[in-house]
Structures are given as structure tokens and as C-alpha cells.
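# Architecture and fold: a report
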Amino acid sequence: MLTLPNILTLSRIVTVPLLAAFLWWPEWRAGYAVAFAIYCLMGITDYFDGYLARAQGTVSKLGIFLDPIADKIMVAAVILMLVGKGVIADLHLIAALVILVREIAVSGLREFLGGIQVSVPVSRLAKWKTALQLAALGALILAGALPDWRWIWLLGLSALWGAAVLTAITGWDYLRVGLKHMDT
């Protein structure tokens, strides 16, 4: 069902290669500025796809399925590009790894629990985790456009660590719920 909310969600997935292309050259300030604009637009569509689906009463199984996938694809692509280009390096790789591992693990857990018809709602803390994660990555992209403003990069790395901590906490919460439904 191709409703406007689902089209917005699909647009995030389709835009990921374009975002990655602009992040390819870390020394190209204008490219990072365009990447930041694309990233912000993707974030806006993330908000509006859910808002419109609820407001119009067009929440669909396709949208419920695609929205978290679109988010994870976008986050993973940005993290991989920033790591590959050295924006996230050294000990900060641990924070990025925690985020990626949790996203994959929770996706697998949700798939497993869905197979036994157990739903795990998104917690308020998980929503804060997502917001902090998106802000951190946005700041790190913006830092590439404004390298003389080192504080933006430091703020992005600090937020990345904060997101990693919330990621670990919410990942543990989901795992704890999931373990109750697994055979021992």
C-alpha cells in the first residue's frame, strides 16, 4: 500500500546512497554540508511518516515493517561512512560498534518474537536513544562541513557516547523481555 507515509519511509531508504556519496570525501566541506541537509531532510521524513500515518489513520503493516528498517539502514550507513573516513576513530569506534550491534540484535530479537506473536513496544528511553543517536550523527556530519568549529565534532562524539550508553541499556531491556519467551 503506497500511502504518503510509506512513500516518505521508502524515500529515506532510496536516499541513503546519495547521502553516502556526499560523505565519501571528508575534506569536501560543501559535500558534507549537502550531506547534512540530506540527513536533516531524512530525519524530517522520519517524523512525518509516523505522524501522518497516525493522523490520517493509514498506519499499515508495510509502514510498521519498513520504518525501523529505514532508520537502521540510514544509521548504519552514516556510521560506516564516518568510520571509514576517520570521522569516528580510535576509542570512539566502541560507541559506534555498540550502536550497530544493538540495532542488529534487537532487529533479530523482534523478528524472533514476531514469529511467536509477541510484540515488544518501543520504550520512551528507546525513543530518547534514537533522538540522541540521530543528533550525534548529524553533529558529526556537520563537523565535516565546519571543521574549524571543533566543538561540533566534540559535541557529536559526546552525544555518540551518550547514545551508546542508552543503546546498551535499551538493548538489555529488550533482551530481558525476549529471554522470557525463549526455551531454556
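In case you missed it, the structure is sitting above this.
This write-up is about the structure you can find in this document. Since the structure is predicted, the reported quantities are computational estimates derived from the model, not experimental observations.

About the criteria used
Residues numbered from 1 in each chain as written. Predicted model: local features only at pLDDT ≥ 70, side-chain atom pairs only at ≥ 80, totals over all residues. Heavy atoms only, no water. Helix = DSSP H or I, 4+ residues; strand = E, 2+ residues; numbered from the N terminus. Rg over C-alpha atoms; globule rule 2.2 N^0.38 Å. Buried < 20%, exposed > 50% of the residue type's maximum accessible area, 1.4 Å probe, protein only. Areas by Shrake-Rupley, 256 points an atom, 1.4 Å probe, with all protein chains shown as cover. Lys, Arg positive; Asp, Glu negative; His and termini not counted. Charge placed at Lys NZ, Arg CZ, Asp CG, Glu CD. Patch = residues over 30% accessible without salt bridge, like charges linked within 9 Å, V, L, I, M, F, W, Y side chains within 5 Å. Salt bridge = Lys/Arg side-chain N within 4 Å of Asp/Glu carboxyl O. Axes fitted to C-alpha atoms, helices over the stretch in contact; angles between N-to-C directions. Parallel < 35°, antiparallel > 145°, perpendicular 65-115°, else oblique. Left-handed = near helix turned anticlockwise from the far one by under 90°. Contact = heavy atoms within 4.5 Å. Nonpolar A, V, L, I, M, F, W, Y, C, P; charged D, E, K, R; others polar. Expected span 1.5 Å × (residues − 1). Core = buried A, V, L, I, M, F, W, Y, C linked by side-chain atoms within 4.5 Å.

Looking now at the overall build of the protein. The secondary structure content of the protein amounts to 6 helices and 0 strands. Taken from N to C terminus, the helices and strands of the protein fall in the order α-α-α-α-α-α. Expected size for 184 residues packed as a compact globule is a radius of gyration near 16 Å; at 17 Å, the protein falls within 12% of this value. Expressed as lengths along the three principal axes of its C-alpha atoms, the size of the protein is roughly 50 × 40 × 25 Å. Across the 184 residues in the protein, those meeting the buried criterion constitute 40%. On the protein, roughly 10,300 Å² of surface is accessible, and the fraction owed to carbon and sulfur atoms is 72%. In the protein, which carries 14 positive and 11 negative side-chain charges, the distance between the mean positions of the two groups comes to 5 Å.

Here we come to a nonpolar patch on the surface. On the surface, a cluster of nonpolar side chains totalling about 610 Å² of accessible area is made up of Leu-2, Leu-4, Ile-7, Leu-62, Phe-65, Ile-69 and Ile-73. Those elements that provide at least two residues to the nonpolar patch are α1 (4-23) and α3 (61-84). Counting residues per element, the nonpolar patch draws most heavily on α3, at 4 residues. Here Leu-4 is to be found in helix α1.

A word on the pattern of salt bridges. Taken as a whole and judged by the stated rule, the model has 9 salt bridges. The residue Arg-29 makes a salt bridge to Asp-148 at a minimum N-O spacing of 3.6 Å. Placement of Arg-29 in helix α2 (residues 29-56) and of Asp-148 in the loop between α5 (124-145) and α6 (150-179) is noted, with a sequence separation of 119 residues between them. When its relative accessible area of 41% is taken as the criterion, Arg-29 is described as partly exposed. Taking the shortest distance from any N to any O, the salt bridge between Lys-72 and Glu-103 comes out at 3.0 Å. On the criterion of sequence distance, the pair formed by Lys-72 in helix α3 and Glu-103 in helix α4 (residues 92-115) is long-range, its members being 31 residues apart. Shared partners join several salt bridges into a network, and the residues in it are Arg-12, Asp-46, Asp-49, Asp-67 and Asp-71.

Packing of α2 against α5 leaves a shortest axis separation of 7 Å and a crossing angle of 160 degrees. Viewed along their axes, α2 and α5 adopt a mutual orientation that is roughly antiparallel. The two elements α2 and α5 meet at a crossing, and its hand is left-handed. Between α2 and α5, the residues in contact are Arg-29, Tyr-32, Ala-33, Ala-35, Phe-36, Tyr-39 and Asp-46 and Gln-133, Leu-134, Leu-137, Gly-138, Ile-141, Leu-142, Gly-144 and Ala-145, respectively. Within the contact of α2 with α5, the residues separate by chemical class into 10 nonpolar, 3 polar and 2 charged.

Time to look at α2. Turn by turn, an α-helix covers 3.6 residues, leaving residues three or four places apart pointing in a common direction. Relative to the 40 Å expected for 28 residues at 1.5 Å per residue, α2 spans 40 Å between its end C-alpha atoms, a close match to the ideal helical length. Looking at α2, one finds that the buried residues are Gly-31, Tyr-32, Ala-35, Ile-38, Tyr-39, Met-42, Thr-45, Asp-46, Asp-49, Gly-50, Leu-52 and Ala-53. The secondary structure elements touched by the buried residues of α2 are α1, α3 and α5. With its phi angle positive at about 70 degrees, Gly-57 sits one or two positions after the end of α2.

Moving on to the side chain of Lys-129. Its place among the elements puts Lys-129 in helix α5. According to the relative accessible area criterion, Lys-129 is buried, its value standing at 3%. With residues up to four places along the chain from it excluded, the contact list for Lys-129 reads Arg-102, Glu-103, Ala-163, Leu-166, Thr-167 and Thr-170.

To continue, consider the nonpolar core. Among the nonpolar cores identified, the biggest contains 34 residues, and Leu-19 and Leu-82 are the most heavily contacted of them. Among the elements of the structure, α1, α2, α3, α4, α5 and α6 are those that each provide at least two residues to this core. At 7 residues, the largest contribution of residues to this core is made by α3. When near neighbours in sequence (up to four residues on either side) are disregarded, Leu-82 contacts Tyr-32, Val-87, Ile-88, Leu-137, Leu-140 and Ile-141. Membership of the second largest hydrophobic core comes to 7 residues, among which are Leu-109, Leu-113, Val-120 and Ala-126.

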